[in-house]
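Residue strings, one per chain:
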Amino acid sequence: MPLCYNNGFFPPAPLMPDDFARRLIDWQHRHGRHNLPWHSRDPYRVWLSEIMLQQTQVATVREYFPRFVAEFPDVAALAAAAQDDVLRLWAGLGYYSRARNLHKAAKQIMTQFDGRFPQSRGEWETLCGVGRSTAAAICAFTLNRREAILDGNVKRVLCRVFARDGDPADKAFEKRLWALAESLLPPDAADMPAYTQGLMDLGATVCKRGRPDCAACPMQARCLAYAQNRTAELPRRKKAAAPVHLPLFWLQLRTPDGRLLLEKRPQSGIWAGMHCLPCFENLSELYRFAAAYGLTPDDLTEHTAIAHRLTHRLLDITPFSAVLPQAPATDSGWQNTQQIRKSALPKPLSSWLAQQNLL
């Protein structure tokens, strides 16, 4: 007996590349997202949006993007900015290495490309923080280049429509997905912006990870995962690594006139390049630091711990605070409220200082 799917219907024939592209482009024109603030042929705005949208929802980026562009309207302004100012505007968006790489790449464009934007995917990939898929998207949107993208949304669409099953951590499987993505590109380069945006829109708004809206999908009638009742199974998820618990201790020192001591974090590690209260991995280090200011453990007030999740870490932050009996010998690092508001602070710190009425 022949195998049947979906209440007795025979499986559909796989989509041919031209049919896939045509369906997607037509759907994007009618139902895709339009008039987002970064929809432009301007490579600066497209590049910035692609970096911001990495592992971040559109709704969040819509909030940050206008403020960032208002402060840094072009690549020259971004390259000339201080890292502190870039990180300050990025604060709360997460994955701060993106901001640091964006700043470095702006400097690369000004020095290595004489202020002109790269003209090929290969050139874009020489910039800090720009990988193959990001470079391809920029070229597709700004230069109509026939370049394939393969972010998480696109992988989900392809794995479902073409029933591609494999370990997401397997490089050979990813290579096959790249080959599939390249085979589906529309023949007319003028269609590349709509096609690329369509892939992003379809994965983000219809072919979602949980509860996909198959009834609204232009591929439903030819989707192999839908025909095989495997939309919940495909694509297979990566095995999530258990988060590493990391205890941290903050020391909030305040001068008699209300200034706080902030330190610039190293250029690598947690909150790299940002300003933070003195931060320690154990209490003995915190006590030694406090002793340099004439404070004993009994002089310190312990506050309720703060839980903060990073990608692969779960931070358990315990703040301590104290008011110095007299002004410090140097002004270096001591900031008043106005200065703190201009500093790039980690999100959990800015939230906590606000709760303490110190921001």
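Residues numbered from 1 in each chain as written. Predicted model: local features only at pLDDT ≥ 70, side-chain atom pairs only at ≥ 80, totals over all residues. Heavy atoms only, no water.

Under an unreviewed UniProt entry, the protein has the name Adenine DNA glycosylase and belongs to Neisseria leonii. Reading the Catalytic activity (unreviewed entry) entry of the UniProt record for the protein gives the comment "Hydrolyzes free adenine bases from 7,8-dihydro-8-oxoguanine:adenine mismatched double-stranded DNA, leaving an apurinic site." (UniProt positions renumbered as here; feature names shortened; annotations may be inferred.)

A. Structural context of the packing of helix H2 (residues 43-52) against helix H3 (residues 58-71). Contact pair H2 / H3: the axes reach a minimum separation of 11 Å and the direction vectors enclose 140°. One way to sum up the angle between H2 and H3 is to call them oblique. Crossing of H2 over H3 shows right-handed handedness. Contacts between H2 and H3 involve Tyr44, Arg45, Leu48, Ser49 and Met52 on the former and, on the latter, Val61, Tyr64, Phe65, Phe68 and Val69. Here the residues of the contact of H2 with H3 sort into eight nonpolar, one polar and one charged. (Axes fitted to C-alpha atoms, helices over the stretch in contact; angles between N-to-C directions. Helix = DSSP H or I, 4+ residues; strand = E, 2+ residues; numbered from the N terminus. Parallel < 35°, antiparallel > 145°, perpendicular 65-115°, else oblique. Left-handed = near helix turned anticlockwise from the far one by under 90°. Contact = heavy atoms within 4.5 Å. Nonpolar A, V, L, I, M, F, W, Y, C, P; charged D, E, K, R; others polar.)

B. Molecular detail of the nonpolar core. Residues Phe20, Trp47, Phe68, Tyr195, Trp250 and Trp271 are the most contacted members of the largest nonpolar core, which totals 100 residues. Counting residues in each nonpolar core, the second largest holds 13 residues, with Leu251, Leu286, Ala290 and Phe320 among its members. (Core = buried A, V, L, I, M, F, W, Y, C linked by side-chain atoms within 4.5 Å. Buried < 20%, exposed > 50% of the residue type's maximum accessible area, 1.4 Å probe, protein only.)

C. Region of the structure containing the pattern of salt bridges. The full count for this structure, using the stated rule, is 20 salt bridges. In this structure, the salt-bridge partner of Asp84 is Lys264, at a minimum N-O distance of 2.5 Å. In this pair, Asp84 is assigned in helix H5 (residues 83-90) and Lys264 in strand E3 (residues 263-264), connecting sequence segments 180 residues apart. Classification of Asp84 by relative accessible area gives partly exposed; the value is 23%. A salt bridge links Arg121 to Glu147; its shortest N-O distance comes to 2.8 Å. Taken together, the positions of Arg121 in helix H7 (residues 121-124) and Glu147 in the loop between helix H8 (132-143) and helix H9 (152-161) put the pair 26 residues apart, joining distant regions of the chain. (Salt bridge = Lys/Arg side-chain N within 4 Å of Asp/Glu carboxyl O.)

D. Quick peek at the packing of aromatic side chains. Enumeration over the complete set of coordinates arrives at 13 aromatic pairs. For the ring pair Phe280 and Phe289, a centre distance of 5.3 Å and an interplane angle of 55° mean the geometry is tilted. Residue Phe289 is classed as partly exposed on the basis of its relative accessible area, which comes to 22%. By way of ring pairs, the aromatic residues Tyr44, Trp47, Phe117 and Trp124 are connected into one cluster. Against the face of Tyr64 rests Arg67, its NZ or CZ located 4.9 Å from the ring centre. If you follow Arg132 out to its NZ or CZ, it ends over the ring of Trp178, 3.7 Å from the centre. (Phe/Tyr/Trp six-rings, centres within 6.5 Å; stacked < 30°, edge-to-face > 60°. Lys NZ or Arg CZ within 6 Å of the ring centre and 35° of its normal.)

E. Spatial organisation of the UniProt feature "domain: HhH-GPD" (unreviewed entry) in the protein. Taking the numbering used here, the UniProt-annotated feature "domain: HhH-GPD" (unreviewed entry) corresponds to residues 52-205. The span residues 52-205 shows a helical share of 64% and a strand share of 0%, and its end C-alpha atoms are spaced 18 Å apart.

F. Just helix H15 (residues 347-355), in detail. Every buried residue of H15 is accounted for by Pro348, Leu349, Ser350, Trp352 and Leu353. Looking at the buried positions of H15, the neighbouring elements they touch are strand E1 (244-254), strand E2 (260-261), strand E4 (275-276), strand E7 (306-309), strand E8 (313-323) and helix H14 (337-341). Positioned one or two residues after H15, Asn357 has a phi angle of 60°, which is positive.

G. Representation of the environment of Ser350 in the model. The residue Ser350 is located in helix H15 in this model. The sequence separation of Ser350 and Leu89 amounts to 261 residues, and the corresponding C-alpha distance is 13 Å. Ignoring any residue separated from it by four or fewer positions in sequence, one finds Ser350 in contact with Leu345 and Leu359. At 3.0 Å, the side chain of Ser350 forms a polar contact with the backbone oxygen of Lys347. (Polar contact = N/O pair within 3.5 Å; in protein donor to acceptor, adjacent residues only side chain to side chain.)

H. Focus on unusual backbone geometry. Here the residue pair Leu234 and Pro235 is connected by a cis peptide bond, since its omega of -10° sits within 30 degrees of zero. Looking at the secondary structure, you find Pro235 in the loop between helix H12 (224-227) and E1. Although it is not a glycine, Gln55 adopts a positive phi angle of roughly 60°. The class of Gln55 is exposed, set by a relative accessible area of 63%. Not every positive phi belongs to a glycine, and Asn229 is a case in point at roughly 55°. Within the secondary structure layout, Asn229 lies in the loop between H12 and E1.

I. Geometry of the packing of H2 against H8. Closest axis-to-axis distance for the H2/H8 pair is 10 Å, and the angle between their directions is 145°. Judged by the twist between their axes, the crossing of H2 over H8 is right-handed. In this structure, H2 contributes Pro43, Val46, Trp47, Glu50 and Ile51 to the contact, and H8 contributes Thr134, Ala137, Ile138, Phe141 and Thr142.

J. Examining the pairing of E8 more closely. Where E1 and E8 come together, 11 bridges link them in parallel fashion. What sits directly across from Phe249, in E8, is Thr318. In this structure, strand E6 (residues 301-302) lies alongside E8, joined through two bridges in antiparallel fashion. Its bridge partner being in E8, Thr301 is matched across the sheet by Ser321. One ladder, built from four bridges, connects E7 with E8; its direction is antiparallel. (Pairing = 2+ DSSP bridges.)

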